[in-house]
Amino acid sequence: MPILERDPPKGRRESYVLPKVPVPPLKQTLDMYLTSIKHLVKEEQYRKTKSIVEKFGEPGGTGELLQKKLLEKSGNTHNWVYDYWLDDMYLNQRLALPVNSNPAMVFPKQGFRDHKDSLRFAAHLITGVLEYKERIDTRALPVDFSRGRLAGTPLCMKQYYRLFNTYRLPGLKRDTLVIHEAGSTEQEHIIVACKNQFFVLDLVVKEKKLKEIHILTQLEKIVKMAENTEERQPSFGLLTSDGRTEWAQARDVLIKDSVNRESLAVIEKCLCVVCLDDPSGVEVGDTSRALLMLHGGGHEKMGANRWYDKPMQFVVGEDGVCGTVCEHSPFEGIVLVACTEYLMKFMTGSPSKMGRATNVSELPTPRRLLWKTTPHIQDLLKASAERLQRLVRDLDMDVHKFEVYGKEFIKKQKMSPDAYIQVALQLAFYRCNGRLVSTYESASIRRFHEGRVDNIRSATPEALAFVKAMTDEKTSLSDSEKMKRLWDAINAQTNSTIAAITGMGIDNHLLGLREISQEIHMEVPEIFTDETYVASNQFILSTSQVPTTVEMFCCYGPVVPNGYGCCYNPHADHLLFSVTSFHGSTETSSAVFIKALDEGLVEMRDLCEKSNKPQSNTAAASKAVEKSQGAGSKPLSTPQKTGK
């Protein structure tokens, strides 16, 4: 039954309805699951898994019972998978948020003339944030519609309403996503971090909203207060960089004191955090800026000048390093892109409204948040700092601009840029490792009520056939056979995409079957304890397309110790890749992966050009290509990592 997506204020645009996320047919999911893993495991292991899956799906068996329960749940809830997915993807995860979960959006480097210039930028940015939030609160944002394949479908807007009014509260075993009431008077402040200190900047004074000039004045006061070493507090932001259980334990210690309890409450209810960073002292390039966004360079640099639990943190560095760090559980990357693109356009297209400062003397002094410490708390801070530093040292990042061609060349081949790049990623991984592995590409299911994402499993049998044609079988196969395999791989990727975005993906369905077995106190079915299922959910290659229309890019870390995180942004004449891995793994190297990716992209271009030459002037060949590929290209994906 369709669900009313939202009730716009009277006189505004018409409301619309969205369908519920469907529950796919059981046999379809089980068949697709077997197809997705057959070529990734040894034959003996596959035979064992096939037997387990067939037993699970037999008439009257466990699978049918769980499917029935899942259908009942679907009938009684707005979105049967939302809570399962949120817990599994985020709230149950125990790893630290920096690198492992929180993505970052890196803004263009700013050419600040001096420190005051960076504060003007910050004040203007905060003004843009407040304007955007007002559009959210008044439901004035235009409804998003799907693009590319199956274009024109209205998309769920609920993620936008969680940009500024949510907070991820750490728990010993499971975190909680706290949602504050929109427009609450408790949320009339932001937190400003400066020199690892946290300050309250009230946005409403004497029932009047601060103007941009007043915000600048308050920021200047905060900077001056932060420079006062006599009143400097310990770097409590470090605790939020720790593992979730460690942070929850530390928080339980903190809240025993009323001073700490009050400071935490103020932070947890803020609109956003604005981090005023000192110069980093490193050469500022794409990779170094991305690293500073993801982890701040550790406690020795800006890593403590953060509060990682807050979904929206805006970083403004005195050296021009700026961007956004996000706690990912409330919203997907496409929502982050929409917000940050709005802000970037606001910054460049809307002049700063400083005007003349009036009644500045009447502005209250911003409040420094105070903390009570003990020797035990000092030990906790030290341990958190050391663990963050280990994470900083371990991260291997390479932000790379591939400039040989961009998405316009791919489109001229009548191919989907996203599918093409996904196949190129498979080729790069195979070149580095001689095998394919379970791969994650997030697919938006926002066409459904409260839809988040499902997974496109990009390591298809067709992709394996193509990458072998370009490597192991390179000399024995003709270009026409290689081209056929490329088209097969792209079509398989496109079909997987369509299945995922229309609610027919397998990952959410299998997750739902697994979780509902626990709800009815059933012993975990063997299909979910089978080594194949466990391995297939270790996404060694975690990928996401995050396209932008302005000059900025997204990045995130790997989701497993021996894996890669690969975020890409296709532009007309170049492709931008942010590749991450861990130095601690002997199986990975971001630079080696980038080199293999470059080589593969060039070879794929050469193959396309050679294959096009003999038939470039024949209408029949053009029609054949179009028939092979089908119409259109896939919609823009959202970023998401598996544990992210």
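Residues numbered from 1 in each chain as written. Predicted model: local features only at pLDDT ≥ 70, side-chain atom pairs only at ≥ 80, totals over all residues. Heavy atoms only, no water.

## Concerning the sheet that holds strand β20 (residues 575-582)
Right, so step 1: An order of β14-β20-β19-β17-β15-β16 is seen for the six strands of this open sheet, with the pairing classed as mixed. Here the strands that pair on one side only, and so sit at the sheet edges, are β14 (395-402) and β16 (453-456). Strand-to-strand twist in this sheet, taken as the mean axis angle between neighbours without regard to direction, amounts to 20°.
Right, so step 2: Two strands pair when backbone bridges link them, and strand β19 (residues 564-570) and β20 are joined in this way by six bridges, in the antiparallel orientation. Within the sheet, the bridge partner assigned to Gly565 lies in β20 and is Thr580.
Right, so step 3: Packed onto the sheet, helix α19 (residues 590-612) meets β14, β17 (541-545), β19 and β20 and runs at close to 25° relative to β14. (Pairing = 2+ DSSP bridges. Helix = DSSP H or I, 4+ residues; strand = E, 2+ residues; numbered from the N terminus. Axes fitted to C-alpha atoms, helices over the stretch in contact; angles between N-to-C directions. Contact = heavy atoms within 4.5 Å.)

## Points about helix α13 (residues 417-433)
Right, so step 1: Over its 17 residues, α13 runs 24 Å from end to end, which matches the ideal 24 Å to within 8%, given 1.5 Å per residue.
Right, so step 2: Counting buried positions along α13 yields 14 of 17 residues, so the element is predominantly enclosed.
Right, so step 3: Immediately beyond the C-terminal end of α13, within one or two residues, lies Gly434, with a positive phi of roughly 70°. (Expected span 1.5 Å × (residues − 1). Buried < 20%, exposed > 50% of the residue type's maximum accessible area, 1.4 Å probe, protein only.)

## Re the pairing of β17
Right, so step 1: Counting buried positions over the five residues of β17 gives five, a clear majority of the element.
Right, so step 2: Judged by which residues are buried, β17 turns out to be covered on both faces: Leu541, Thr543 and Gln545 on one side and Ser542 and Ser544 on the other are all buried.
Right, so step 3: The sheet contact formed by strand β15 (residues 439-444) and β17 spans three bridges and is parallel. The partner of Thr439 across the bridge, within β17, is Leu541.

## A short note on the side chain of Ser438
Right, so step 1: Summarising the element assignment, Ser438 is placed in the loop between α13 and β15.
Right, so step 2: Among the polar contacts listed, one links the side chain of Ser438 to the backbone oxygen of Ser536, at a separation of 2.5 Å.
Right, so step 3: Every residue in contact with Ser438, bar those within four places of it in the chain, is listed here: Leu40, Arg457, Ala535, Ser536, Gln538, Phe539, Ile540 and Leu541. (Polar contact = N/O pair within 3.5 Å; in protein donor to acceptor, adjacent residues only side chain to side chain.)

## Points about the pattern of salt bridges
Right, so step 1: Scanning the entire structure with this criterion turns up 39 salt bridges.
Right, so step 2: Residue Glu268 pairs with Arg251 through a salt bridge whose shortest N-O separation is 3.0 Å. Remark: Arg251 occurs in helix α7 (residues 244-254) and Glu268 occurs in helix α8 (residues 258-268); sequence separation between them is 17 residues. Across this residue pair, the class does not change: Glu268 and Arg251 are buried.
Right, so step 3: Between Glu481 and Arg485 there is a salt bridge; the shortest N-O distance is 3.0 Å. Of the two residues, Glu481 and Arg485 are both situated in helix α15 (residues 479-501); the distance of four residues between them amounts to about one turn of the helix.
Right, so step 4: On the accessibility criterion, Glu481 (26% relative accessible area) is partly exposed.
Right, so step 5: For Arg485, a relative accessible area of 17% corresponds to the buried category.
Right, so step 6: Taken together, the salt bridges that share partners define one network made up of Arg94, Arg168, Asp175, Arg244, Asp309 and Glu327. (Salt bridge = Lys/Arg side-chain N within 4 Å of Asp/Glu carboxyl O.)

## Focus on the UniProt feature "active site" (unreviewed entry) in the protein chain
Right, so step 1: Look at the UniProt record and you will see "active site" (unreviewed entry) annotated at His328.
Right, so step 2: Its location among the elements puts His328 in the loop between β12 (322-326) and α10 (333-349).
Right, so step 3: What makes His328 buried here is its relative accessible area of 3%.
Right, so step 4: Among the polar contacts listed, one links the side chain of His328 to the backbone oxygen of Phe331, at a separation of 2.8 Å. (UniProt positions renumbered as here; feature names shortened; annotations may be inferred.)

## A word on helix α11 (residues 375-394)
Given 3.6 residues per helical turn, the α-helix brings residues three or four places apart onto the same face.
Right, so step 1: With 20 residues, α11 extends 29 Å between its outermost C-alpha atoms, agreeing within 8% with the 28 Å of an ideal straight helix rising 1.5 Å per residue.
Right, so step 2: Turning to α11, its buried residues are Ile377, Leu381, Ser384, Ala385, Leu388, Gln389, Leu391 and Val392. End-on view of α11: buried residues confined to an arc of 160°, all on one side of the axis. Relative to its buried face, α11 has exposed residues pointing more than 90 degrees away, namely Pro375, Asp379, Lys382 and Arg393.
Right, so step 3: Contact partners of the buried residues in α11: α7, α8, α9 (286-295), β14 and β20. (Arc of directions from axis to C-beta.)

## Focus: the pairing of strand β4 (residues 166-169)
Right, so step 1: Two strands pair when backbone bridges link them, and β4 and strand β5 (residues 176-179) are joined in this way by four bridges, in the antiparallel orientation. Along β5, the bridge assignment pairs Arg168 with Leu177.
Right, so step 2: Counting the residues between successive antiparallel strands, the hairpin from β4 to β5 contains six residues.

## Let's talk about the packing of α13 against helix α14 (residues 461-469)
Right, so step 1: Orientation of α13 relative to α14, taken along the N-to-C sense of each, is 60°, at an axis distance of 9 Å. Here α14 runs oblique to α13, going by the angle between their axes. Crossing geometry of α13 relative to α14 is assigned as right-handed. Within the contact between the two elements, α13 uses Val423, Gln426, Leu427 and Tyr430 and α14 uses Ala463, Leu464, Phe466, Val467 and Lys468.
Right, so step 2: Considering only residue class, the contact of α13 with α14 consists of seven nonpolar, one polar and one charged. (Parallel < 35°, antiparallel > 145°, perpendicular 65-115°, else oblique. Left-handed = near helix turned anticlockwise from the far one by under 90°. Nonpolar A, V, L, I, M, F, W, Y, C, P; charged D, E, K, R; others polar.)

## Some details on the nonpolar core
One recurring pattern in soluble globular proteins is that nonpolar side chains are buried together.
Right, so step 1: Core analysis: the largest hydrophobic core is formed by 82 residues, its most contacted members being Tyr420, Phe466, Leu486 and Phe577.
Right, so step 2: By residue number, the principal contributor to this core is α13, which donates 10 residues.
Right, so step 3: The residues contacting Leu486, other than those within four sequence positions of it, are Met415, Val423, Phe466, Met604, Leu607 and Cys608.
Right, so step 4: Core analysis: the next-biggest nonpolar cluster, separate from the first, contains 64 residues, Val129, Leu219, Val223 and Met344 among them. (Core = buried A, V, L, I, M, F, W, Y, C linked by side-chain atoms within 4.5 Å.)

## A short note on the sheet that holds strand β10 (residues 273-277)
Right, so step 1: If you walk across this open sheet you meet the eight strands as β13-β7-β6-β10-β11-β12-β3-β18, and the pairing is mixed. Across the chains shown, the open sheet's two edge strands, defined by having one partner strand only, are β13 (367-368) and β18 (553-555).
Right, so step 2: Here six bridges tie strand β6 (residues 189-194) to strand β7 (residues 197-202), and the two strands are oriented antiparallel to one another. Pairing of Ala193 across the sheet is with Phe198, part of β7.
Right, so step 3: Against the sheet, helix α6 (residues 212-226) touches β6, β7, β10 and β13, its axis set at about 155° to β7.
Right, so step 4: Contacting β6, β7 and β13, α8 runs over the sheet at an angle of about 110° to β6.

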